Amino acid sequence: AFFRGLGLICQHMGHRPWQLEEAPLFDQLGAMVDCSRNAVPTVEGVKELLCRMALMGFNMLMLYTEDTYTVPSRPRFGYLRGRYSAEELHALDQYALALGIEMIPCIQTLGHMARALRWPGLGDVSDTGDVLLTDSEDTYALLEEMIAAASAPFTSKRIHIGMDEAYSLG
């Protein structure tokens, strides 16, 4: 709310007299940014977005990462995709917190896994080209590693676990 107020003051700096009362309609106002298509936003780019979001009164940001974060036990997870390191995600989380924004990790756990499954070492958990094999202990071990790696850099106790578009499941 502070940064929203600051943004409004800057917007109306030359207009006098000026008065505005505003009450938020939602407890949480945020956005989900797709970091899995074509190019992963840079850390500086996300910081700039966070500043703009704070000035608009946003208080939540999800970074949608299919395989664009590191999983320490799986070195090829996110390989050649511009993935974020745990340190980069933690730095973004701390920056966001200073602006009053909660960052929530947003990952896929069933479908949308084509980029990750193309590498050696993950083929044993593949049902089809982009869907994980649901009846495999190796899959559940991978999911635990993914959830731990995705959530560790963030202060938030929330995580968005996507399971959509698994059309060829089974």
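First things first, this report covers the structure right here in the doc. Nothing here was measured: the structure is a model prediction, and the numbers come from that model.

## As for the packing of helix α2 (residues 43–55) against helix α3 (residues 86–98)
Here's step 1: At their nearest, the axes of α2 and α3 sit 10 Å apart, and the two run at 15 degrees to each other. The orientation of α2 with respect to α3, classified from their angle, is roughly parallel. Where α2 crosses over α3, the handedness of that crossing is right-handed. Facing α2, whose interface residues are V43, V46, K47, L50 and C51, α3 presents E88, L92, Y95 and A96.
Here's step 2: Across the contact of α2 with α3, the residue classes tally to 7 nonpolar, no polar and 2 charged.

## Some thoughts on empty space enclosed by the protein
Leftover empty space is mapped by rolling, across the atoms, a probe with the size of a water molecule.
Here's step 1: One pass over the structure, following the stated rule, counts 1 cavity of 30 Å³ or more.
Here's step 2: Put simply, the largest cavity is a space of about 50 Å³.
Here's step 3: Taken together, L63, T65, Y69, L89, P105, C106, I107, A150 and F154 make up the full set of residues lining the largest cavity.
Here's step 4: Broken down by secondary-structure element, the contributors of at least two residues to the lining of the largest cavity are β2 (60–65) and β3 (102–108).
Here's step 5: The element best represented in the lining of the largest cavity is β3, accounting for 3 residues.

## Some details on unusual backbone geometry
Here's step 1: For H112, which is not glycine, the phi dihedral falls at a positive 60 degrees.
Here's step 2: Its location among the elements puts H112 in the loop between β3 and α4 (114–117).
Here's step 3: With phi around 55 degrees, E165 is a residue other than glycine that occupies positive phi space.
Here's step 4: Its place among the elements puts E165 in the segment after β4 (160–162).

## Here's the deal with the nonpolar core
Here's step 1: Ranked by internal contacts, the top residues of the largest apolar core, which has 34 residues, are L61, L63, Y69 and Y84.
Here's step 2: Put simply, the parts of the chain that give this core at least two residues each are α2, β2, α3, β3, α4 and α5 (137–151).
Here's step 3: If near-sequence neighbours (up to four positions away) are discounted, L63 is found in contact with V33, C35, V46, Y84, L89, L92, M103, I104, P105 and C106.
Here's step 4: One finds M60, M62, Y64 and I104 within the second-largest nonpolar core, a separate group that totals 5 residues.

Conventions and cut-offs
- Residues numbered from 1 in each chain as written.
- Predicted model: local features only at pLDDT ≥ 70, side-chain atom pairs only at ≥ 80, totals over all residues.
- Heavy atoms only, no water.
- Axes fitted to C-alpha atoms, helices over the stretch in contact; angles between N-to-C directions.
- Helix = DSSP H or I, 4+ residues; strand = E, 2+ residues; numbered from the N terminus.
- Parallel < 35°, antiparallel > 145°, perpendicular 65-115°, else oblique.
- Left-handed = near helix turned anticlockwise from the far one by under 90°.
- Contact = heavy atoms within 4.5 Å.
- Nonpolar A, V, L, I, M, F, W, Y, C, P; charged D, E, K, R; others polar.
- 1 Å grid on protein atoms, 1.4 Å probe; cavity = no way out; pocket = protein on both sides within 12 Å on 5 of 7 lines; lining within 4 Å.
- Points joined across faces, edges and corners; volume = space filled by probe spheres on them.
- Core = buried A, V, L, I, M, F, W, Y, C linked by side-chain atoms within 4.5 Å.
- Buried < 20%, exposed > 50% of the residue type's maximum accessible area, 1.4 Å probe, protein only.

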